[in-house]
Amino acid sequence: MPPPVTEASGSLAMRARQRFWRSLSEAEGIPDATLPRPIDTRFAPNRRDFMKLMGASIALAGVSGCSHGSLEKIVPYRAGPAEQTYGKPVFYASVLPRDGYGVGVLVETNMGRPTKIEGNPSHPASLGATGVIEQAAVLELWDPDRSQTVKHGGTIATWNDFLAALQAQFDARAGTKGTGLRILTETIASPSLHAQIQSVLERFPRAKWHQWQPLNDDNLHDAAEMVYGRRLDTVCRFDRARIVVAFDGDFLDDAPASIRCALDFATRRHAHAAADARSRLYAFECTPTLTGAAADHRLPIQAADVGAAIAQLARALGATTVDVANVLPDAWIAAIVADLRANRGASIVVAGRRQPPHVHALAHVVNAHLGNVGNTIVHVPPAADDPTNQLASLRDLVEAMNGGAIDALLILGANPVYTAPADLAFASALAKVPFKVHHGLYVDETADRCDWHVPAAHPLECFGDLRAFDGTLALQQPGIAPLYDGKSAHELLAALAGDTTRGNRELVEAYWQRERASDFAAFNDRALREGIVDGSTPEPINVALRGDLAAVLAKATPSQPPRAADDIEIVFVADPRIGDGRHANNAWLQELPKPLSQLAWDNAALIAPALARRYGMENEDIVEIRVGGRRIEVAAWLMPGVPERSITLALGFGRTRAGHVGNGHGVDAYAIRTSDAPWFAGGVAITRTGRKHALACAQTHHAMEGRDIVRTFTLGEAQACTPDECGTPRYRNERTLYETPPTGPYAWAMSIDLSSCIGCGACTIACQAENNIPVVGKAEMRNGREMHWIRVDRYYEGDIADARALFQPVPCMQCEHAPCEVVCPVEASVHDAQGINVQVYNRCVGTRFCSNNCPYKVRRFNFFQYTDDVPGLDSQRNPEVTVRMRGVMEKCNYCLQRITNAKIAADVEGRRLRDGEVVTACQAACPARAIVFGDLADAQSEVNRRKSSPLDYALLAELNTRPRTTYLARVTNPSPALAQSTQQSRRREAPPAGAVDTRPRADR
Amino acid sequence: MATDAGTLVPPPGERYTGAIITDKIADLVLVRPMHAGYYVGFIVTAAFTLLFIVAITYLFTTGVGIWGVAQPVAWAFALTNFVWWVGIGHAGTFISAFLLLLRQHWRTSVNRFAEAMTIFAVAMAGLMPILHLGRPWFFYWLIPYPDVMNVWPQWRSPLVWDIFAIATYIIVSILFWYMGLIPDLASLRDHARTRGKQVAYGLAALGWRGEARQWHRFETAYLLMGGLATPLVISVHTVVSLDFSFGLVPGWHSTIFPPYFVDGALYSGFAMALVLAVPMRKVFRLEDFITRDHLAKMGTLMLVTGLIVAYSYMVEAFNAYYSTDLYEIAMMRNRYFGPYAPISWSVILCNVLIPQALWSKRLRRNPLALFVLGLVVLLGMWLERFMIIVASLERDFLPSAWHMFYPTFWDLATLAGSLGAFAFLFLMFLRFLPAISMSELRKDVRQETIRAGTHT
Amino acid sequence: MSQVFSPRFALVLRIATVFVLAGIVAAAVVYRVNARGDAPQDDPIEQPIPFSHQHHVRDDGIDCRYCHTSVETSAFAGIPPLATCMTCHAELFNDAPVLAPLREAYAGGKALEWNRVHDLPGFVYFDHSIHIAKGVGCSTCHGAIDRMPLTRRVASLYMQWCLDCHRNPEAVLRPRDQVFNVEWQPPRDQKQRGAQLRQEYGLRSTRELTDCSTCHR
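The rules behind these values
Residues numbered from 1 in each chain as written. Chains lettered and ligands numbered in written order. Predicted model: local features only at pLDDT ≥ 70, side-chain atom pairs only at ≥ 80, totals over all residues. Heavy atoms only, no water. Contact = heavy atoms within 4.5 Å. Buried area = accessible area lost by both parts, 1.4 Å probe. Salt bridge = Lys/Arg side-chain N within 4 Å of Asp/Glu carboxyl O. Polar contact = N/O pair within 3.5 Å; in protein donor to acceptor, adjacent residues only side chain to side chain. Helix = DSSP H or I, 4+ residues; strand = E, 2+ residues; numbered from the N terminus. Nonpolar A, V, L, I, M, F, W, Y, C, P; charged D, E, K, R; others polar. Core = buried A, V, L, I, M, F, W, Y, C linked by side-chain atoms within 4.5 Å. Buried < 20%, exposed > 50% of the residue type's maximum accessible area, 1.4 Å probe, protein only. 1 Å grid on protein atoms, 1.4 Å probe; cavity = no way out; pocket = protein on both sides within 12 Å on 5 of 7 lines; lining within 4 Å. Points joined across faces, edges and corners; volume = space filled by probe spheres on them. Domains from an automatic or database assignment.

Student: Hey, could you go over the interface of chain A and chain B for me, with residue numbers and the actual values?
Tutor: On the chain B side, the residues contacting the 75 residues of chain A number 65 residues. Summed over both sides, the interface between chain A and chain B buries roughly 5800 Å², with carbon and sulfur atoms accounting for 56% of that surface. There are 1 salt bridge connecting chain A and chain B. Residue Asp396(B) pairs with Lys857(A) through a salt bridge whose shortest N-O separation is 2.7 Å. The interface formed by chain A and chain B includes 35 residue pairs in polar contact (both at pLDDT 80 or more). Counting residues per element, the ones that place at least two in the side of chain A that touches chain B are strand E30 (791–797), helix H27 (819–823), helix H28 (849–853) and strand E34 (860–861) of chain A. A per-class count over the side of chain A that touches chain B returns 37 nonpolar, 18 polar and 20 charged.

Rendered as structure tokens:
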């Protein structure tokens, strides 16, 4: 028997393990996430409605084992659809908006129903991957809460009524050239739509177009203007960067380009990446983000200090002379400067959209100074049409409304009543406008206050075109005709321009016929097939720094006003799941735990444990937050990694008109967000109210208890690795009483690279969409009954002050000696010849012994009839996957339906499956390419290659379950200069007690 | 009424001839009025039985989600109740079968109601595993039978063995009990004054006439049944314990479970026997038949089994640390210092510390004290099962999955309901069947008389 | 006092008991057998139009794939779109009252709703294409469809029935050119031929063919 991993004391694995905390509480005397108090699990009426809405199933007919009396009907087509085979899915290339910019996708439709979203490999913003937003789009499409009819004063009306009303307006104001007519949109990155706006403005020269979207790029564009004298976009190529310094810049999660950034970034982060190719990431941030979690060195600093921090770096590099107080430790500056100088042209200094223009300006200066421009940094003309400062634009609008100068306002897509800065008091201003039209997916807060509401067609329902973050153009095509009488923005604008005859498709095609008169047919066909317009990626533009830059910078950069020692600031962030609140009614996104806090269904005031101790606060304490005369009450949540004098609060919650799912969850942060401090504000006062608010947290324990769960090594350690030391031989112990697993022609297995995984959760929600996984709701989550087949665990490492989060996606391990199989009394949990541990739903009687016996706790049980039969929602379900009924166990099965269908296709052709032909849902979505699935029997397969790495290890290998899913240890690349200090800080921690012998029990 | 003589068999002579015994015991069944306390008990238990029915109906219509079970604690109250009830069942068989083979004549006064207790307890136990299924209407898939799916149970699963163990146990118990009843049913038939009762008991008595031939066969068969039932005392709870020790959950994965569980079962069984016997002898004035010596003997048995249980606790803790297994040690620490520590320490209090009082002879002969001790031990044993099942599951291998269990109203309702139903059935038994075996008692008295005669 | 029962009556009682018990068992068995609620085996299913496979297949000699277009490429064999019917029935029997529902539906009126004859539970994933590709003929499961004036189900569709084949496919495998031949009968030496074909087609091992995951997901 090979020597067990940890016996050689002081082995790397051992040391790796010793760094981890025993527990948050033991480290700092803070309670772990409060354990949920008992909940009456009866279906409360509202929960019942919720279930009715959020589930759909043929389960009772399906899984219950005996079919019902009535005969099933088959309704034939009148004339069969052209390009589709019965029962086979069809994929359409299209593009979905993300903060207004395009992300290319492939829409899977089954018998005409869009059921799943995949990334479009040829689209620059996707390269085949997707984020949580894209995955959840199908649920939004089928959401029964969507606005379904035109409304006038809250009562149902028709499109023609609206057109008549519109005409009446025009007649009343004939000859005014549109004085007092205003259009408010969100960011527009669509040539055809922009052209239509222009044509409206031509018809009404005195009309004005405003833009507002809470997550906008004002700061970036203003900075560009400041530095280059023109508004432009900056594209970062992280695949080319060896050194990345992020100043409150969460490029992995909080940007229109984040999917692409994650992909590029991962290329230099994989466990098997060559040592000299590996990148090093320094992150200074005011709130814990995925970027910070992925960083090799992370330092929490207050948002207000970020400007000083980057200035300090710029000065140290000699890039500028701007003089402000130092905030970063010299050791850090020294290390970073050294790294940057050593990697001229191969580094990136990036700031986040939260930071004011001068911070971005300094970033530009530093990048220019380091010769990154043209290499890792590319400037392109703005992807957005007319990238104006949206805050200013909105302010103008409000002033005009208050001045009574506006008598007709069209709001396209935006929800300003909810999202506008509180001090602008948009709602009251809006009330002064006589004729108000709202166009949107939902009858939301704004629609409520408008005279007319026109339901918007979902992006999956209409034609259009969108530019990606880098300007690349893609055409949008529907996967289904509009479910309700929704209208596209094109139709609405056309109506405004006087064209009420043409529909969405004609309008878009008409535009492109004008643009591409010569080769329209070919162009349109190709663009729709490819999902991208060839050659539309704009050429990088060479721009020179403004001559008077130094002066401008000096003027723009505030010399840090000395802040009071305990001045607390509040930082507003986009919710990692529901963004600015537009996705609040999407149950998949609501139930997907936030990557770092692991909270679902709520936002909370994230505060540092130290701050909590100072104010005697605990988790779930409702605290009052007062800033600038405004106040809200929100539950507090202790988060390591938050700067000590900073509070993080996510936008997007506390919706009142989101829908049955989104209403009343969390607290509305916009209520204290003002236009002079849209992203962070100082002078915050917090006090405990003494009341509590129950939060649903997917993970109530954050420490690894000295167990060998997530392995981390520094690059140096990793290079010195031998399998016995760092990894785990796949079989710890050949002796066994159980029959050896059957071997078929295929032996499926998975490898998850913890080095490149960024913990975004795209895998979880992709799995949910693919496998008809139900939503259980907040109450059930608190009971510990979430159904996700692949969860992303989050543990903490290091000092509490700058705790590092470690992510670990945990699907079913497909053990070759599966503990669940031996205890199932009815053969419902069995092994098949391809090595998959199959769960046979229709045989399961629900003893739940398998779940008890699963050491990874990846099995999920339908404690109630979670999936109910709801017309509409059931249309989203994947016909290739059984919908489970109440009382049966379920779990990940490596997307068995995908394997089987691929196998059948191959067998029909009489050939063997090729490596990479079967891609699991989680693997397909992963923006970090952390998950690889394949065939162990194929010696050349990628998965075999990965598993041969010395860093490959099996979770809980000592139990001798022989998992088919294994992990690649997390490899960090710390700066040698800074490593020393961190090493010391680590050594201060006590080694875990009891970490003695993890030999397979069989060996004792 | 005679004072409570300290003998195991009623004194012979004029005070207790066979006829008097028969009259006295038969009258309990045949002649009204009942003691007022009986009716109070009847109403209360009936109410709880109703609650049980409601709880089960709601469970079947809605799903096991109405309980507190979740991940990772997927088993909780239902399984705790199951193990606890099965355990209680054991004492009955032990008393009637074991002691029969060992020719312990003192069992005569107690075996009848002890057997009844067994049957009702096992009935309650048998319900629990079915109730806790996700799809209870498919429970029969655990039973091997040829079906159109060509699939069979998965024989490696202890749950399948359970079905057999429990089924065998309850069948044998019922047969054994009913057989012992036959002669008494006959005497009831003969004592009955109304036609209805004569017919009813007559049918039940299967035409027993007390002929020598019948007696001869009866004795033989009864002894054989005893022999058959005895191994079950060991086997059943052994199998039940395997439900846990076969799992690899720290706190379950242990070889001491079979003896540990069997002994714990007897422990709780004797406790329940006492809890039933003490009020019964009081209400029905059976002090002369179930004497303080009977109680004392059961008290002694309780003390012995209790000591073994205490020993098992020590062995468990020792093994955890001796194994040097990271997870076993963490489990043991969590059990006694984790969120469920109060439970674990009450287990120690109820099952180990308080019962030491039984060392005192005075206490062993004090019905009230024994009654209270019985209740304490029953509570302790229930908590022990809960501790083993829930506290072990709550924190197993991956800290990310750890999650507390909290009972809901319906968890408690199911437990209370099963208690009510059990008591209700027992009261029915007292009302319609002789609580003490008349025939055996007559025999013993006869032998006593003979012995007394020879002495003079 | 007198005995309640005469010995004779006691005997009668005992015999009666035995019969009662036997009766209960019998009743249970009968119920279990008739428990299935879906389309009954072997008797024709009511259809909006009395469509005759016998006429179309046997008399007109239309190939299965003319209507069931996706049988070779998809899990679902495919129900012909009305247009397919109209290719002929625009001319033939174009005023037959029995075809009224077809014409109405084709004219965009009330949709035509066929009743499913072979209805598998939702958790069973049967795939036509692979069975065709591996030489399992239509008539193996659908019987002598060309002799059915009204379509009926000839197989029980019990899991048992599926397994019989998956455990011993040799018994039914045909040469590829015979797959759509409804008249095909297994030759005397089917056992050997089947074995050869199994080789030739590269069927999966019996273990794989009987894995739960082969049909259930």
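Student: Can you lay out the nonpolar core for me, pointing to particular residues and giving the numbers?
Tutor: Residue and element names in this part refer to chain A. Residues Phe251, Ile625 and Ile647 are the most contacted members of the largest nonpolar core, which totals 352 residues. The residues contacting Ile647, other than those within four sequence positions of it, are Ile568, Glu569, Ile570, Val571, Ala605, Leu606, Ile607, Leu611, Ile625, Val684 and Ile686. Ranked by size, the runner-up nonpolar core spans 42 residues in total, among them Phe247, Leu313, Ala314 and Leu340.

Student: Which residues make up empty space enclosed by the protein, and what are the values?
Tutor: Residue and element names in this part refer to chain A. Here the second largest cavity defines a volume of roughly 620 Å³. Forming the walls of the second largest cavity are 32 residues, and the residues nearest its centre are Leu220, Thr234, Ala255, Val350 and Ala351. Of all the secondary-structure elements, those providing two or more residues to the lining of the second largest cavity are helix H8 (218–228), strand E9 (233–236), strand E13 (347–351) and helix H13 (357–369).

Student: Account for the interface of chain A and chain C, with residues named and values stated.
Tutor: Contact residues are listed per partner, giving 45 residues for chain A and 42 residues for chain C. Taking both partners together, chain A and chain C bury about 3900 Å²; carbon and sulfur atoms supply 57% of that area. Summed over the three residues of chain A that lose the most area to chain C, namely Ile74(A), Arg78(A) and Tyr86(A), the buried surface amounts to 20% of that side. Counting the contacts that link chain A with chain C gives 3 salt bridges. Glu880(A) is the partner of Arg217(C) in a salt bridge, and the nearest nitrogen-oxygen pair spans 2.6 Å. Linking chain A with chain C are 21 residue pairs in polar contact (both at pLDDT 80 or more). Elements with a minimum of two residues in the side of chain A that touches chain C: strand E1 (73–74), strand E32 (829–831) and helix H29 (896–909) of chain A. Classifying every residue of the side of chain A that touches chain C gives 21 nonpolar, 16 polar and 8 charged.

Student: Lay out unusual backbone geometry in plain terms, naming residues and giving numbers.
Tutor: Cis rather than trans, the peptide bond between Gln71(B) and Pro72(B) has omega equal to 0 degrees. We note that Met111(A) has phi near 45 degrees; this positive angle belongs to a residue other than glycine. With respect to the helices, strands and loops of the structure, Met111(A) is situated in the loop between strand E3 (101–110) and strand E4 (113–119).

Student: Can you tell me about the domain arrangement of chain A, naming the residues and giving the values?
Tutor: According to the domain assignment, chain A contains domain 1 (7–22 + 700–972), domain 2 (150–212 + 386–464 + 480–518), domain 3 (233–380) and domain 4 (568–697). Computed over C-alpha atoms, the centres of domain 2 of chain A and domain 3 of chain A are 39 Å apart.

Student: So, the side chain of Ser829(A): which residues are in play, and what are the values?
Tutor: All names here are of chain A. Mapping Ser829 onto the fold places it in strand E32. For Ser829, a relative accessible area of 2% gives the class buried. One polar contact links Ser829 to Asn837, side chain to side chain, over a distance of 3.4 Å. Within the local environment of Ser829, its side chain forms a polar contact with the side chain of Arg859, the two groups lying 3.0 Å apart. Setting aside its immediate chain neighbours within four residues, Ser829 contacts Cys820, Glu821, Cys824, Asn837, Val838, Gln839 and Arg859.

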